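Notes for the structure review
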Amino acid sequence: MTAELGPTGRPMPDFPEPKPRDPAKPATIIALCNQKGGVGKTTTTINLGAALVELGRRVLLVDFDPQGSMTVGLGVNAHELDQSIYHVLMDREIALKDLIMSTGVEGLDLVPSNIDLSAAEMRLVTEVGREQVLARVLKPVRADYDVILIDCQPSLGLLTVNALTAANAVLVPLECEYFALRGVALLKDTIEKVRDRTNDELEIIGLLGTMYDSRTLHGKEVLQTLVEGWGDLVFHTVIRRTVKFSDSTVAGEPITEYATTSPGAASYRQLAREVLVRCPDA
């Protein structure tokens with residue numbers, strides 16, 4: 001029997017039920033990164049995290065974007081925060097554990113962010129080991145979680161380099177639109193420089209097509225071009241465009257909670273399984 005072709009034009013594999021994880025291993029850190037904004041990065045971080053929790057993983061979400069979109073998307077008022085990830089980066093006396101917030105999803109925690117973080121890039125420039133600051137901050141909590149997901153800002157500046165230096169793996173959300181393809185080569189160069197200079201264990205686990213509309217020829221062509229250029233690095237899972245994602249953000253909930261039976265929720269559950277296949281230690 002021939003396997004059904006998925007939206008990427010390849011046979012859709014069967015992603016198995018993940019095995020229990022060795023609790024003695026430190027958390028696998030995955031940075032969600034793309035210097036282009038509006039590609040579904042924050043949406044993917046929140047919903048992938050929630051889907052991983054459903055598979056029995058303890059997940060920490062780190063909002064590493066001064067816009068604080070993930071913080072807001074989980075129902076937290078970013079403007080009313082007394083302390084955020086910025087204060088932990090800048091003050092060794094403040095522990096990350098003191099900042100971690102529980103979300104409406106049991107097993108899913110958040111390190112919040114707001115506009116204060118925009119000052120960190122400038123202040124970190126004069127720091128010794130400035131690329132390793134986030135890795136140092138995350139180290140004490142890695143034993144408490146199975147997966148740590150970092151939502152990066154849409155740039156390739158020092159904050160993003162910090163996230164890539166701290167991470168084991170990179171997941172690249174990519175809007176299924178022509179202009180989104182143009183920046184991927186630049187991002188790949190940055191990842192390779194980080195691998196050479198500050199984190200030789202870093203690897204790209206996959207490119208994720210987002211905001212896909214199967215009714216348009218354009219979306220299909222972009223996916224085809226991605227697969228031709230990146231091969232098996234392109235996730236089989238594709239996230240389709242739906243208004244439910246915007247609605248769930250307004251509600252301050254992951255789509256797996258807000259619209260649990262929706263196709264969007266099903267896509268992120270499938271992505272979670274595919275991520276665990278690609279990251280066996282997670």
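Residues numbered from 1 in each chain as written. Predicted model: local features only at pLDDT ≥ 70, side-chain atom pairs only at ≥ 80, totals over all residues. Heavy atoms only, no water.

Some details on the pairing of strand β7 (residues 203-212)
With 8 of its 10 residues buried, β7 lies for the most part within the structure. For β7 and strand β8 (residues 234-240), the ladder comprises 3 bridges, and the chain directions are parallel. Each bridged residue has a counterpart across the sheet, and for Y212 the counterpart in β8 is R240. Handedness of the crossover joining β7 and β8 through helix α9 (residues 217-230): right-handed. (Buried < 20%, exposed > 50% of the residue type's maximum accessible area, 1.4 Å probe, protein only. Helix = DSSP H or I, 4+ residues; strand = E, 2+ residues; numbered from the N terminus. Pairing = 2+ DSSP bridges. Right-handed = clockwise from strand over helix to strand, strands pointing away.)

Focus on the pattern of salt bridges
The tally for this structure, following the rule as stated, stands at 11 salt bridges. A single salt-bridge network, built from bridges that share partners, covers R21, R58 and D146. (Salt bridge = Lys/Arg side-chain N within 4 Å of Asp/Glu carboxyl O.)

A closer look at empty space enclosed by the protein
Scanning all chains against the criterion turns up 2 cavities of 30 Å³ or more. Size it by volume and the largest cavity reaches roughly 40 Å³. Lining the largest cavity we find T43, I46, N47, G73, F245, S248, T249 and E253. Elements represented by at least two residues in the lining of the largest cavity include exactly α1 (41-54) and α10 (243-251). In this structure, the second largest cavity spans a volume of roughly 30 Å³. Looking at the second largest cavity, the residues that line it are V172, V184, L187, K188, I191, I204, L207 and W230. Elements with a contribution of two residues or more to the lining of the second largest cavity: α8 (184-197) and β7. By residue class, the composition of the lining of the second largest cavity is 7 nonpolar, no polar and 1 charged. (1 Å grid on protein atoms, 1.4 Å probe; cavity = no way out; pocket = protein on both sides within 12 Å on 5 of 7 lines; lining within 4 Å. Points joined across faces, edges and corners; volume = space filled by probe spheres on them. Nonpolar A, V, L, I, M, F, W, Y, C, P; charged D, E, K, R; others polar.)

What about the layout of surface pockets?
There is about 410 Å³ of room inside the largest pocket. Contributing to the lining of the largest pocket are 25 residues, with G40, K41, T42, T43 and M211 lying nearest its centre. Sorting the residues of the lining of the largest pocket by element identifies α1, α2 (69-73), β7, β8 and α10 as the ones contributing at least two each. Sorting elements by how many residues they give to the lining of the largest pocket places α1 first, with 5 residues.

Description of helix α12 (residues 263-278)
Under the 1.5 Å per step criterion, the end-to-end length of α12 is 22 Å for 16 residues, consistent within 8% with the ideal 22 Å. Of all the positions in α12, only G264, A265, S267, Y268, L271, A272, E274, V275 and L276 are classed as buried. (Expected span 1.5 Å × (residues − 1).)

Points about the UniProt feature "domain: AAA" (unreviewed entry) in the protein
Cross-referencing UniProt, the feature "domain: AAA" (unreviewed entry) maps to residues 28-204 in the present numbering. Annotation note: span residues 28-204, helix share 36%, strand share 18%, distance between end C-alpha atoms 13 Å. (UniProt positions renumbered as here; feature names shortened; annotations may be inferred.)

Thoughts on the nonpolar core
The biggest cluster of nonpolar side chains holds 54 residues, and the ones touching the most others in it are V62, F64, I85, L89, L134, I148 and I150. In terms of residues, this core owes the most to one element, helix α6 (residues 158-166), which gives 6 residues. With sequence-adjacent residues up to four places away left out, V62 is seen in contact with M70, I85, V111, L138, I148, L149, I150 and D151. Counting residues in hydrophobic clusters, the runner-up holds 37 residues, among them A51, L74, I205 and F245. (Core = buried A, V, L, I, M, F, W, Y, C linked by side-chain atoms within 4.5 Å. Contact = heavy atoms within 4.5 Å.)

Topic: unusual backbone geometry
Although it is not a glycine, M211 sits at a positive phi angle of roughly 55 degrees. Tracing the backbone through its elements, the reader meets M211 in strand β7.

What to know about the environment of M70
Tracing the backbone through its elements, the reader meets M70 in helix α2. Linking M70 and S262, residues 192 residues apart in sequence, is a C-alpha distance of 21 Å. What M70 contacts, discounting residues up to four positions off in sequence, is T42, T45, I46, L61, V62, D63, L110 and D151.

Some points on the confidence of the model for the protein
In this model, the protein carries an average pLDDT of 91, and 99% of its residues clear a pLDDT of 70 or more. Of all helices and strands in the protein, the one with the weakest mean pLDDT is helix α7 (residues 178-182) (77), whereas strand β2 (residues 59-64) scores best (98). (pLDDT = per-residue confidence, 0-100.)

With respect to the packing of α6 against α8
At a closest axis distance of 10 Å, the pairing of α6 and α8 adopts a crossing angle of 55 degrees. Here α6 is positioned oblique relative to α8, judged by the angle of their axes. The two elements α6 and α8 cross, and the hand of that crossing is right-handed. Contact with α6, carried on its side by V161, L164 and T165, involves T190, I191 and V194 of α8 and no other residues of that element. Of the residues contributing to the contact of α6 with α8, the split by class is 4 nonpolar, 2 polar and no charged. (Axes fitted to C-alpha atoms, helices over the stretch in contact; angles between N-to-C directions. Parallel < 35°, antiparallel > 145°, perpendicular 65-115°, else oblique. Left-handed = near helix turned anticlockwise from the far one by under 90°.)

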